[in-house]
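Here's the letter readout for the chains.
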Amino acid sequence: MITRRPRRNRQSEVIRNMVEETTLGLNDFIFPLFIIEGQNKKIEISSMPGINRFSIDTLLEEVNSCVELGVKAFAPFASIPEQLKDKTGSESMNPDGLFPRAIREIKRNFPDVVLMTDVALDPYSSDGHDGIVENGEILNDETLEVLGKMALVQAQAGADIVGPSDMMDGRVAHIRKVLDTAGYHKVGIMSYTAKYASSFYGPFRDALDSAPKKGDKKTYQMNFANSREALIEAELDTQEGADFLMVKPALAYLDIIKLLRDNSNLPIAAYNISGEYAMVKAAAQNGWIDGEKAMVEVLTSIKRAGADVILTYFAKEYAQYIRR
Ligand code: PBG
């Protein structure tokens, strides 16, 4: 009888590295950015230590420092002043709004970076919902009209990939049609395919002041108890023409990442969201865990589960970490 000794392959760092199955690289990451109106502003988000809201001028400096570190893909989000919010999120369709202006400026200064832009009503909605609200109901098809126009404005501003993040039915097909009709067939769609109604979005909603004024998002975001339903969403997004499928959040949903990986040949993205970032930071600040090691472990687990692309607030910190 041969004695199996798996520890043989763990006995030295060189051997451990040799048999390492999962490797993270900066090419895997998309770094979310928060944009605010004004000049020379850089305001830290209190629940997300190390992550700031930038005015367009300081945002360009941030993009520059990321690019120098090797982070080249970004997911910008705009924080819209309350007085510009309304029932239909009309500011989202304004080509001179904060968001399209920021996209244009980034692309003008850094033509080679990739921008994945957020297509959803919530930062623009006076109700704080991802769809138009009527008598407490989130309207689907009426919302699609706005999403199509919003995606077009973003494509015209220079978005490389649009990211519908609202979970309305039929949005990928509708956005694809609008973009193609206007000649933007090269603009990709990264669909937030399996986006769950999660309590981990808290810090993000603070950052954008985008929390629902009433109710929750359970009539459009998925029930976290469900996984087969993610396959239905994946099938639809694929038929509708998505270029990437995304799972969100990532950490409590590693099984869903794996499920989509095993059932699709499209690239799979995962969004390591604000609350997941905040948990690591909070525990690290208390001295309860080693934040840097936890960061590497978290990101590796998401890649190991099957994500090709990881949206993460750790992207820049990870780039700094591997430089040392
Ligand atoms: C909404 C949107 C959310 C996030 C990205 N787009 C939150 C929500 O659904 O309320 C969350 C990202 C994060 O928490 O990091 N369209």
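A quick note: this is a predicted structure, and the numbers were derived from the prediction, not measured.

1. Regarding the layout of surface pockets
In step 1: Here the largest pocket is characterised by a volume of approximately 220 Å³.
In step 2: Along its surface, the largest pocket is lined by E20, T22, T23, L24, K293, V296, T300, Y318, Y321 and I322.
In step 3: For the lining of the largest pocket, the residue count by class is five nonpolar, three polar and two charged.

2. Things to note about the UniProt feature "binding site: Mg(2+)" (unreviewed entry) in the protein
In step 1: Following the UniProt record, one finds the feature "binding site: Mg(2+)" (unreviewed entry) at E233.
In step 2: Within the secondary structure, E233 sits in helix 7 (residues 228-240).
In step 3: Ignoring any residue separated from it by four or fewer positions in sequence, one finds E233 in contact with M167, T193 and M222.

3. Overview of the site of the ligand
In step 1: By nearness alone, 16 residues border the ligand, and R205, K217, K248, S274 and Y313 come closest of all.
In step 2: At 2.7 Å from an oxygen atom of the ligand is found a side-chain nitrogen or oxygen belonging to S274.
In step 3: When the free accessible area of the ligand is taken as 400 Å², the share hidden by the protein chains comes to 100%.
In step 4: Assessed atom by atom at 2 Å from the grid points, the ligand resides in the largest cavity.
In step 5: A breakdown of the residues in the shell around the ligand according to their chemical character gives six nonpolar, three polar and seven charged.

4. Structural notes on the UniProt feature "active site" (unreviewed entry) in the protein
In step 1: The sites that UniProt annotates as "active site" (unreviewed entry) are K195 and K248. On the basis of their most widely separated C-alpha atoms, the annotated residues across 54 residues gather in one place, lying no more than 4.8 Å apart. Considering only the annotated residues already named, the ones lining the largest cavity are K195 and K248.
In step 2: Residue classification places K195 among the buried positions, given a relative accessible area of 6%.
In step 3: Excluding its chain neighbours within four sequence positions, the residues that come into contact with K195 are D130, S165, M167, Y201, Q221, M222 and K248.
In step 4: A polar contact is formed between the side chain of K195 and the backbone oxygen of S165, at a distance of 2.8 Å.
In step 5: By secondary structure assignment, the location of K248 is in strand 10 (residues 244-248).
In step 6: With relative accessibility at 7%, the residue K248 sits in the buried group.

5. Focus on the nonpolar core
In step 1: Membership of the largest hydrophobic core comes to 105 residues, with the highest contact counts inside it found for F34, F74, V162, M190, I257, Y271 and L311.
In step 2: Considering every element that reaches this core, the biggest residue donor is helix 4 (residues 141-157), with eight residues.
In step 3: Setting aside anything within four residues of it in sequence, one finds F74 in contact with I30, F31, L33, V63, C66, V67, V113, V114, L115 and M116.

6. Side note on a negative patch on the surface
In step 1: Taken together, E134, E137, D141, E142, E145 and D169 make up a surface patch of like negative charges.
In step 2: With three residues, helix 4 is the largest single contributor of residues to the negative patch.
In step 3: Take E145: it is sitting in helix 4.

7. What about the environment of D290?
In step 1: Position of D290 among the secondary structure elements: in the loop between helix 9 (274-285) and helix 10 (291-305).
In step 2: Exposure remark for D290: the relative accessible area of 40% places this residue in the partly exposed category.
In step 3: A polar side-chain atom of D290 sits 3.1 Å from the main-chain amide nitrogen of K293.

8. Some thoughts on a nonpolar patch on the surface
In step 1: Together, V14, M18 and V19 line one region of the surface with nonpolar side chains, adding up to about 310 Å² of accessible area.
In step 2: Within the fold, V19 resides in the loop between helix 1 (13-18) and strand 1 (29-35).

9. Details of the environment of P100
In step 1: As for its placement among the helices and strands, P100 is situated in helix 3 (residues 98-109).
In step 2: Accessibility expressed as a relative area gives 4% for P100, which makes it buried.
In step 3: Separated by 53 residues in sequence, P100 and V153 have C-alpha atoms that sit 7.0 Å apart.
In step 4: P100 has contacts with N94, P95, V153 and A157, leaving out every residue within four places of it along the chain.

10. Regarding the packing of aromatic side chains
In step 1: Applying the stated rule across the entire model yields 11 aromatic pairs.
In step 2: Judged by centre distance (5.8 Å) and plane angle (45°), the ring pair of Y318 and Y321 falls under tilted. Placement of the pair is Y318 and Y321 together in helix 11 (residues 315-323), with a separation of three residues, close to one helical turn.
In step 3: Residue Y321 is classed as partly exposed on the basis of its relative accessible area of 29%.
In step 4: Chaining the aromatic ring pairs together yields one cluster made of F34, F77, Y192, F204, Y271, Y277, Y313 and F314.
In step 5: The ring of Y201 is capped by K195, whose NZ or CZ atom sits 5.3 Å from the centre of that ring.
In step 6: Seen from the ring of Y271, K248 lies directly overhead, with NZ or CZ sitting 4.5 Å from the centre.

About the criteria used
- Residues numbered from 1 in each chain as written.
- Predicted model: local features only at pLDDT ≥ 70, side-chain atom pairs only at ≥ 80, totals over all residues.
- Heavy atoms only, no water.
- 1 Å grid on protein atoms, 1.4 Å probe; cavity = no way out; pocket = protein on both sides within 12 Å on 5 of 7 lines; lining within 4 Å.
- Points joined across faces, edges and corners; volume = space filled by probe spheres on them.
- Nonpolar A, V, L, I, M, F, W, Y, C, P; charged D, E, K, R; others polar.
- UniProt positions renumbered as here; feature names shortened; annotations may be inferred.
- Helix = DSSP H or I, 4+ residues; strand = E, 2+ residues; numbered from the N terminus.
- Contact = heavy atoms within 4.5 Å.
- Near = heavy atom within 4 Å.
- Polar contact = N/O pair within 3.5 Å; in protein donor to acceptor, adjacent residues only side chain to side chain.
- Areas by Shrake-Rupley, 256 points an atom, 1.4 Å probe, with all protein chains shown as cover.
- Sits in = over half its atoms within 2 Å of the grid points.
- Buried < 20%, exposed > 50% of the residue type's maximum accessible area, 1.4 Å probe, protein only.
- Core = buried A, V, L, I, M, F, W, Y, C linked by side-chain atoms within 4.5 Å.
- Patch = residues over 30% accessible without salt bridge, like charges linked within 9 Å, V, L, I, M, F, W, Y side chains within 5 Å.
- Salt bridge = Lys/Arg side-chain N within 4 Å of Asp/Glu carboxyl O.
- Lys, Arg positive; Asp, Glu negative; His and termini not counted.
- Charge placed at Lys NZ, Arg CZ, Asp CG, Glu CD.
- Phe/Tyr/Trp six-rings, centres within 6.5 Å; stacked < 30°, edge-to-face > 60°.
- Lys NZ or Arg CZ within 6 Å of the ring centre and 35° of its normal.

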